[in-house]
Every structure is written in C-alpha cells, then in structure tokens.
Amino acid sequence: MENRIEEIKRDIALEIEQVSDSKALYELKTKYVLNKVGIIPALMKELGKASKEDRPRLGQIINALKDWATEVFAEKEKVIEEIERKARYEKEAVDITMPSKKAEVGTLHPVTLIKNELVSIFAGMGFRVVETREIEDDFHNFTALNTPAEHPARDKQDTFYVSDDFMLRTHTSPGQIRSLKSIEPPFKVLIPGRVYRADDDATHSPMFHQMEGLVIDKNITMCDLQGMLDVLVKRMFGENTQTRFRPSFFPFTEPSVEVDVSCFECGGKGCKLCKGTGWIEILGGGIVNKKVLENCGVDSSEWTGFAFGLGLDRIAMLKNGVNNIHILYDGDVRALKQFKD
Ligand code: DAH
C-alpha cells in the first residue's frame, strides 16, 4: 500500500506539471480526488479489506495523501487562475489610442437652412411666420390675386389640379389672401412653403419652395420695399451687396418689380454664376394691387402694402454652387451632407 501511495504521489506531481488550463486541472482533480470516482477515495474503500491492525495506520497515510493532494490541486488552481485572468485581461484590453468610430450626424436640408436664415432675418424686422394650405381653390390661388380668367398660369398644363375646384398651389401668394382675410392690419407676415408646377428640367422641379412676404400698413411706398430688401440682401449675401429694381408685371402688384442683387460670387464684374451680367435675380415684388385688397374686404383708401416672393431652392442653389435642382431632391446623402450650417 505504501508503495502505491508513493506511486500515486509521483503520478500526481508529474501529471499536474503538464496541466496548463483550468479544464485539464478539473479533469485531473476528478481522476484523483473526486468522491466515488477518484483514485484516492477508491483507496479508502480498499481499506475495508486490510487487517484490523493495519487499518488505522493505512487510514492515516491515505488521509495524509488526500490532504497533500487537496493542497497541491489548490495551489495549482491559484496559479492557473492567475494565468487565465491575465490572458483574459489582455484579450479584453481596449486600445485607447485607436481612432474612434465616427457617428454620422444628419444635417438640415440646404433649402431648410436658407429658409431658417431668411426667417431669422425677417423676424428681426418684425415679421411673423404664417403657414397656409398647400391645396388651394381657384379663388385664393388665382381670382383674388387678380389673375384674369384666361391667364396661362391657370392652364391645366402648368397647374396640378386635384379636382375641378382644387389644385396644388402654384405659388405662396394665396397666403397673402388668407392673411388679408384673417389678420387685422397693420401686419407683416412671412409665408414659406412648398409650391407645385408642371415643370421639370435642370433648374425646375415639380415641387419647389417659395417664401412670400406681405406688409400692410398706411402710406406704404416702393421705398419701404427697397429699404427692407437692402437690409435683407446685405445680411444674406454680404455688406457690399447692391440691389437693382427692374419694372415687371404681376397681376397682384401694381407697380411690379423684379429685384436683382449684385453677384455675390464676382461682386458685379461678371462671372459664370451671373452669366457675365454682374446681377442675379432673386425675387419679384411690388405694391399690393388695390384690387387684391378690395377682394379681401380691406379698405384700399386706408390701407396700402408691399409684397414679394422669392424662390428658396434657387437661392440654395446659387449660394451652394449647385447647378441642377434635382441634386436637392434626389435624396443622395453624399450630396446633401456637404451642405452644413
Ligand atoms: N407669385 C410670384 C411667382 O410665383 C412671385 C411673386 C411676385 C410674389 C411678386 C409676390 C410678388 O408677392 O409681389 O412667380
């Protein structure tokens, strides 16, 4: 028996040397010390066969073997635990010098950026923003704006009719009518929004954006429009920007003008952007036609006004050097994310 015990000790010492992970160690421990299946507990069972005199002594040495083995395994367990912990830490280590993953942050649409810029400039001049409906009737979109019955704009080829009586608004000017009918003068409103026309090429999209302005007060003249526009264009395009008024015609304003700004790319010398003219057209406007005021029940002998309308998409394109309007609406994120605030 003593010999076997020595042998077992030697085997354990040899085999434990080979063990390098906790799984193998557990298997080895099972083989030698686990109750019922282990070699050492089996020795205990054999004790029953030994003679009465030998039994106490043998019992002692088997117990001593068991204690010794338990300790040897516990020590090895500690060593392996430490090695495995180190390995795990190394594997899970974070390299804080690695460049981080960039989170993609969305940007506002270029037209929204222009709209926000204009709204904040006009808000500083006392305008309030009003949003009116996109589906309009003939009265608000045309008739009340003094557009004659035979006017080509009413043509089915230009206007998207949704029924005999209703259409997608072709401009934001019907917002003037809705404001005149619902707000007590004097007032200043700004009406931004989507508008629709059956037009589609590099510089026209069937859906685009306008911003209408309407000021109603006493004794308004063209000078008021000019003074306000001067402030606007200097804030929008830079201090040195000049404005130029050209006579024009709109049914809802009399007199009517088209307004150009000195080219913000070349400063007026002439370049590709302004097609060599030094000027860029940015809006239409004029003195509100008396007929429009009367159509809305506003006394034209007491009240006067000016109105203007500008194309937000056009300004977004000009300011960003975009030559095709569809770039704004094709939804290609690679293009859109270049337009930052
Ligand atoms: N509604 C016009 C258009 O869509 C733009 C316009 C011109 C608006 C003159 C106005 C204005 O308020 O006074 O072409």
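Each remark here, short or long, concerns the structure printed above.
Residues numbered from 1 in each chain as written. Predicted model: local features only at pLDDT ≥ 70, side-chain atom pairs only at ≥ 80, totals over all residues. Heavy atoms only, no water.

S.K.: Is there a simple way to think about a negative patch on the surface in this case?
M.R.: Judged by side-chain charge, Asp155, Asp158, Asp199, Asp200 and Asp201 come together as a negatively charged surface patch. Secondary-structure assignment places Asp155 in the loop between helix H6 (138-141) and strand S3 (166-168). By relative accessible area, Asp155 is classed as partly exposed at 35%. (Patch = residues over 30% accessible without salt bridge, like charges linked within 9 Å, V, L, I, M, F, W, Y side chains within 5 Å. Areas by Shrake-Rupley, 256 points an atom, 1.4 Å probe, with all protein chains shown as cover. Salt bridge = Lys/Arg side-chain N within 4 Å of Asp/Glu carboxyl O. Lys, Arg positive; Asp, Glu negative; His and termini not counted. Charge placed at Lys NZ, Arg CZ, Asp CG, Glu CD. Helix = DSSP H or I, 4+ residues; strand = E, 2+ residues; numbered from the N terminus. Buried < 20%, exposed > 50% of the residue type's maximum accessible area, 1.4 Å probe, protein only.)

S.K.: I'm lost on empty space enclosed by the protein in this one. Help?
M.R.: Under the counting rule described, the total for this entry stands at 1 cavity of 30 Å³ or more. Its volume calculated, the largest cavity comes out at about 30 Å³. Taken together, Leu118, Leu232, Val233, Met236, Phe237, Ile282, Leu310 and Ile315 make up the lining of the largest cavity. If one sorts the elements of the lining of the largest cavity by residue count, helix H8 (residues 222-237) sits on top with 4 residues. (1 Å grid on protein atoms, 1.4 Å probe; cavity = no way out; pocket = protein on both sides within 12 Å on 5 of 7 lines; lining within 4 Å. Points joined across faces, edges and corners; volume = space filled by probe spheres on them.)

S.K.: Before we go on, may I ask you to explain the nonpolar core in this structure?
M.R.: Note that soluble globular proteins tend to have their nonpolar side chains buried in a common cluster. Leu118, Phe122, Phe127, Met228, Phe306, Phe308 and Leu310 are the most contacted members of the largest nonpolar core, which has 42 residues in total. Of all the secondary-structure elements, those providing two or more residues to this core are helix H5 (110-123), strand S5 (207-217), H8, strand S7 (253-262), strand S8 (279-288), strand S9 (304-311) and helix H10 (312-320). No other element matches H8, which puts 7 residues into this core. By size, the runner-up hydrophobic cluster in this structure holds 20 residues, among which are Ile5, Ile16, Tyr32 and Val33. (Core = buried A, V, L, I, M, F, W, Y, C linked by side-chain atoms within 4.5 Å.)

S.K.: Just to check I follow, could you spell out the site of the ligand for this structure?
M.R.: Around the ligand, a shell composed of 15 residues is seen, among which His171, Ser173, Arg197, Gln210 and Glu212 lie nearest. A distance of 3.0 Å separates a nitrogen atom of the ligand from a polar atom in the side chain of His171. A distance of 3.4 Å separates an oxygen atom of the ligand from a polar backbone atom of Phe308. Here the ligand has 360 Å² of accessible area as a free molecule, and 89% of this is covered by the chains. Of all the secondary-structure elements, those providing two or more residues to the shell around the ligand are S5, S8 and S9. Partitioning the shell around the ligand into residue classes produces 4 nonpolar, 9 polar and 2 charged. (Near = heavy atom within 4 Å. Polar contact = N/O pair within 3.5 Å; in protein donor to acceptor, adjacent residues only side chain to side chain. Nonpolar A, V, L, I, M, F, W, Y, C, P; charged D, E, K, R; others polar.)

S.K.: What is the right way to look at the packing of helix H1 (residues 2-18) against helix H2 (residues 22-33) in this model?
M.R.: To characterise two packed helices, one gives the angle between the axes of the helices and the distance between these axes. Packing of H1 against H2 leaves a shortest axis separation of 11 Å and a crossing angle of 170°. By the angle between their axes, H1 is roughly antiparallel relative to H2. On H2, the residues that touch Ile8, Asp11, Ile12, Glu15 and Ile16 of H1 are Leu25, Leu28, Lys31 and Tyr32. The class makeup of the residues in the contact of H1 with H2 is 6 nonpolar, no polar and 3 charged. (Axes fitted to C-alpha atoms, helices over the stretch in contact; angles between N-to-C directions. Parallel < 35°, antiparallel > 145°, perpendicular 65-115°, else oblique. Contact = heavy atoms within 4.5 Å.)

S.K.: Where do I start with the layout of surface pockets in this structure?
M.R.: Empty space among the atoms can be located by rolling a probe the size of a water molecule over them. In this structure, the second largest pocket encloses a volume near 250 Å³. Looking at the second largest pocket, it is lined by 14 residues, and the ones nearest its centre are Lys115, Pro192, Gly193, Arg194 and His209. When contributions to the lining of the second largest pocket are tallied by element, the ones reaching two or more residues are H5 and strand S4 (187-196). Looking at the lining of the second largest pocket, its residues break down into 4 nonpolar, 5 polar and 5 charged.

S.K.: Please explain the pattern of salt bridges as it appears in this structure.
M.R.: Where charged atoms from two side chains of opposite charge approach closely, those side chains can pair. A complete count under the given rule lists 17 salt bridges for this structure. A salt bridge links Glu15 to Lys31, with the nearest nitrogen and oxygen atoms 2.9 Å apart. Taken as a pair, Glu15 in helix H1 and Lys31 in helix H2 lie far apart in primary sequence, 16 residues in all. Accessibility expressed as a relative area gives 37% for Lys31, which makes it partly exposed. A salt bridge links Glu82 to Arg85; the shortest N-O distance between them is 3.0 Å.

S.K.: Where do I start with the packing of aromatic side chains in this structure?
M.R.: This model, assessed by the stated rule, comprises 6 aromatic pairs. Aromatic side chains Phe122 and Phe308 sit 5.3 Å apart centroid to centroid with 20° between the ring planes, which places their arrangement in the stacked category. Here Phe122 is found in helix H5, whereas its partner Phe308 is found in strand S9, with 186 residues between them in sequence. Grouped by ring-pair contacts, the aromatic residues Phe122, Phe127, Phe306 and Phe308 constitute a single cluster. One Lys or Arg, Lys9, reaches over the ring of Trp68 and ends 5.3 Å from the middle of that ring. (Phe/Tyr/Trp six-rings, centres within 6.5 Å; stacked < 30°, edge-to-face > 60°. Lys NZ or Arg CZ within 6 Å of the ring centre and 35° of its normal.)

S.K.: How should the side chain of Lys76 be read in this particular structure?
M.R.: Along the chain, Lys76 turns up in helix H4 (residues 54-92). The buried charged residue Lys76 lacks any salt bridge, with Glu17 as its nearest oppositely charged partner at 5.4 Å. A polar contact of 3.3 Å, which involves the side chain of Lys76, links it to the backbone oxygen of Val19. Sequence-distant contacts of Lys76, that is, excluding residues within four places in its chain, are made with Ile16, Glu17, Val19 and Leu25.

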